[in-house]
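Examining the three-dimensional arrangement
If you want the building blocks of each chain, they are given just below.
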Amino acid sequence: MEFLDLPPMLGAAGSVRLPGSKSISNRVLLLAALAEGETDIRDLLLSDDVERMLEALRALGVDWRREGDSLNYRVCGVGGPFPVKTGDLFLGNAGTAFRPLTAALALSGGEYRLSGVPRMHERPIGDLVDALRQLGADITCTANEGYPPLHLKPATIRPGGVVRVRGDVSSQFLTALLMALPLTGVETTIEVVGELISKPYIRITLELMARFGVQVGQQGWERFVVPGGARYRSPGTVFVEGDASSASYFLAAGAIGGGPVRVEGVGRTSIQGDVRFAEALEQLGARITLGDNWIEAAAPAGGVLKAFDLDLNHIPDAAMTLAVAALFADGPCRLRNIASWRVKETDRIAAMATELRKLGAEVEEGADYLVVQRPPRLQPAAIDTYDDHRMAMCFSLASLGGCRVRINDPKCVNKTFPGYFEAFAQVARPVPVLAIDGPSASGKGTVAARVAETLGWHYLDSGSLYRLVALAAMRAGVAFDDEAGVAALAAGLPARFEGGRVLLGEGADRDVTDEIRSEACSVGASKVAVLPAVRAALLDRQRDYRAAPGLVAEGRDMGSVIFPDAGLKVFLTASAEARAERRHKQLIEKGLAANMENLLKDLQERDARDAARPVAPLVKLPDAALLDTTQRDVDEAVAFVLDLVGRGGKSSG
Ligand SMILES: Nc1ncnc2c1ncn2[C@@H]1O[C@H](COP(=O)(O)OP(=O)(O)O)[C@@H](O)[C@H]1O
Ligand SMILES: Nc1ccn([C@H]2C[C@H](O)[C@@H](COP(=O)(O)OP(=O)(O)O)O2)c(=O)n1
């Protein structure tokens, strides 16, 4: 499966231009298609769900075109029911296309088949089908009663009177009826049965219908009257607001990661209910500022979000973001009245609970609620996304908790926000890594340790891990070429770094600080390092060294394999003779036996093995700054690297 690894983040700040709202895009497309006249739609969302709607409209005889590569579309309305009277429409997992098209087609007097991805066939539509049948529509659920796929046949529609529709499973059923009923030309009253959920989405529907010339009468949230003789008329140009649900991830990033983070495209004047996510964040202590067309969020003055207990029925989609924000709150957080999560792209209550637990949270899951209690420290996790765009986007925020997060199947964001991870990278600041790679005795350890101390960053001497594995193998009597045996040792390596000492195991011989520097360990390290299973076993252990405020990591593959996204990379080298001389001096000073001739030979053999091995060979990367220390002393080398850090990784020449 494809995945995306997000590094631990230091914080988030900056600004993001939001893609168009999915809810508005698909509603406006349908209204423009049914209307008289041409509609210019600006800033339409480009995503899978909108593609499904555009394809369906074209198949139904609606002429539309895109202006070049822009986000501007012109739709030629058909001024009534769809002209094409037969069709077989595939609508993916797009609820905002499936439900309204079902209603509009049921009243269009043709024969249509509507289907989607397997998950779409598990999402209920029975309440809408029941309502349309009251009007005389002939609809068959071809697999399971109450679920897609659907087969619609021509039928005598008996409009007028009262149609009853349930409002407590999905508000999209009411939206679909409201948008389709003007096709009948007869005044019809809709009565909502059960407590209407997600009311703000109905407000979007009514607002957009009004822009297209149809004013719906409203008595509370129980009765809606679609007037007789109503016809949709193009308002000319419609601007699609930025997606307020998509805004939630960035606003939460600002609230968790310091901020401020600004989203552009929604604001005070938005018609989308999810802008009220900002109010929810404010209740968590975040500092929110609103403009007409932007919203900004920053962390609470005290830095930490407050625990919450909120009814989130009015913002079901954005509420998912709060479930992940709960990982950053100062106590247990309760999300209430979210039963509709169970019939979305996936069972979002179950999915959220499962994935939050992977990060170490304690989660209580109810029929319509979640309680989330953060762990003392988030633990790195691979997050499954269940083909649900919002799962992927929400969990990117966990990387602000200082731990690595792997997002499986990241492309599921294409449903509503194809550029999500690029936008996230625009505001989230990874914990910086300075990767220093180079051959033996080039000075990596000396330079890296000094630079780390000066910067106050963490330090990873990756070579010592391979040396420890070699020593553990020798002690356990495992041959250096026994890949599985050595890898098993590497996976459970009982090594610790304490107060400048290197410890292996618990025995009397546990202090191995000097022993791992012996030539036997040097040669052994270079031999076990060629084994792919050994390298794989040490991968996560090395990545876990990346922590705020930064990491200096030295070895052979720091820049190429372990931290390929490091913003600072150095290739440190010196002539083989200079390096052999340094190593000789080093060993003698430590009171260890050394022979210059053997050292040079060993070093050249090791250079060759490290550079020629098929996995993670030592190479000078194109984006690494070259530092040859044959003619430079340690101070000069350290100064060179610090200067590079000061320039943000750009070599001066
Ligand atoms: N630029 C340099 N000039 C002279 N000696 C150096 C230089 N860099 C490192 N040394 C010395 O060389 C020896 C090997 O350096 P070390 O940092 O252990 O290399 P590596 O980690 O690349 O194997 C140490 O004794 C160190 O003090
Ligand atoms: N990131 C790394 C670090 C070290 N190794 C291997 C290659 C080296 O021969 C051994 C020992 O590395 P170390 O950096 O301690 O060796 P030197 O001090 O440079 O001689 O481990 C590696 O394959 N990948």
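The model shown is predicted, which means the values in this text are computed figures rather than measured ones.

Cut-offs used in this document
- Residues numbered from 1 in each chain as written.
- Chains lettered and ligands numbered in written order.
- Predicted model: local features only at pLDDT ≥ 70, side-chain atom pairs only at ≥ 80, totals over all residues.
- Heavy atoms only, no water.
- UniProt positions renumbered as here; feature names shortened; annotations may be inferred.
- Helix = DSSP H or I, 4+ residues; strand = E, 2+ residues; numbered from the N terminus.
- Near = heavy atom within 4 Å.
- Polar contact = N/O pair within 3.5 Å; in protein donor to acceptor, adjacent residues only side chain to side chain.
- Areas by Shrake-Rupley, 256 points an atom, 1.4 Å probe, with all protein chains shown as cover.
- Nonpolar A, V, L, I, M, F, W, Y, C, P; charged D, E, K, R; others polar.
- Buried < 20%, exposed > 50% of the residue type's maximum accessible area, 1.4 Å probe, protein only.
- Contact = heavy atoms within 4.5 Å.
- Domains from an automatic or database assignment.
- Buried area = accessible area lost by both parts, 1.4 Å probe.
- Salt bridge = Lys/Arg side-chain N within 4 Å of Asp/Glu carboxyl O.
- Pairing = 2+ DSSP bridges.
- Right-handed = clockwise from strand over helix to strand, strands pointing away.

1. Here's the deal with the UniProt feature "domain: Enolpyruvate transferase" (unreviewed entry) in the protein
Per the UniProt record, "domain: Enolpyruvate transferase" (unreviewed entry) is annotated on residues 13-423. Note that residues 13-423 is 29% helix and 23% strand, and that its end C-alpha atoms are spaced 12 Å apart.

2. What to know about the site of ligand 2
Around ligand 2, 20 residues are found, and the nearest of them are Ser440, Arg467, Arg535, Asp557 and Arg583. Here an oxygen atom of ligand 2 and a side-chain polar atom of serine 440 are 2.5 Å apart. Here arginine 583 contributes a side-chain N or O atom positioned 2.8 Å from an oxygen atom of ligand 2. Here ligand 2 loses 97% of its free accessible area of 520 Å² to cover by the protein chains. Where the shell around ligand 2 is concerned, the elements lending two or more residues are α14 (462-476), α16 (519-528) and α20 (596-612). The element contributing the most residues to the shell around ligand 2 is α14, with four residues. For the shell around ligand 2, the per-class residue count stands at five nonpolar, five polar and ten charged.

3. Describing the site of ligand 1
Around ligand 1 lies a shell of 15 residues, among which Ala441, Lys444, Gly445, Thr446 and Arg632 are the nearest. Within the backbone of glycine 443, one N or O atom sits 3.0 Å away from an oxygen atom of ligand 1. Within the backbone of glycine 445, one N or O atom sits 2.8 Å away from an oxygen atom of ligand 1. For the shell around ligand 1, the elements supplying multiple residues, two or more each, are α13 (444-455) and α19 (576-589). Across the shell around ligand 1, the residue classes tally to three nonpolar, seven polar and five charged.

4. Structural notes on the UniProt feature "binding site: 3-phosphoshikimate" (unreviewed entry) in the protein
UniProt's entry tags Lys22, Ser23, Arg27, Ser170, Ser171, Gln172, Ser198, Asp317 and Lys344 with the feature "binding site: 3-phosphoshikimate" (unreviewed entry), counted in the numbering of this structure. Along the chain, serine 170 turns up in the loop between β10 (161-166) and α5 (172-180). The class for serine 170 is buried, based on a relative accessible area of 11%. Setting aside its immediate chain neighbours within four residues, serine 170 contacts Arg99 and Ile197. At 3.0 Å, the side chain of serine 170 forms a polar contact with the backbone nitrogen of glutamine 172. Turning to its location among the elements, glutamine 172 is positioned in helix α5. Setting aside its immediate chain neighbours within four residues, glutamine 172 contacts Gly95, Thr96 and Arg99.

5. Remarks on the environment of glycine 87
With respect to the element layout, glycine 87 can be found in strand β6 (residues 86-90). For glycine 87, a relative accessible area of 22% translates into the label partly exposed. Through-space distance from the C-alpha of glycine 87 to that of leucine 152 is 9.8 Å; in sequence the pair is 65 residues apart. The residues touching glycine 87, leaving out its near neighbours within four places in the chain, are Glu111, Tyr112 and Arg113.

6. Concerning the domain arrangement of the protein
As assigned here, the protein comprises domain 1 (3-18 + 242-429), domain 2 (22-239) and domain 3 (433-457 + 549-649). A separation of 30 Å is found between the C-alpha centroids of domain 1 and domain 2. Each partner contributes to the interface: domain 1 provides 23 residues, whereas domain 2 provides 22 residues. Contact between domain 1 and domain 2 buries roughly 1800 Å² in total, counting both sides, with carbon and sulfur atoms accounting for 51%. Among the residues of domain 1 in contact with domain 2, Ile271, Val343 and Lys415 are the three that bury the most area, contributing 36% of the side total. If you look at where domain 1 meets domain 2, you find one salt bridge. Across the salt bridge formed by aspartate 49 and lysine 415, the nearest N and O atoms sit 2.5 Å from each other. Taken together, domain 1 and domain 2 are joined by eleven residue pairs in polar contact (both at pLDDT 80 or more).

7. Here's the deal with the pairing of β10
Here is the key point about a regular strand: its side chains alternate between the two faces of the sheet. When β10 meets strand β11 (residues 188-193), the two strands line up parallel, connected through six bridges. Residue pairing across strands places valine 163 opposite isoleucine 190, the latter belonging to β11. In this fold, β10 hands off to α5, which returns the chain to β11; that crossover is right-handed.

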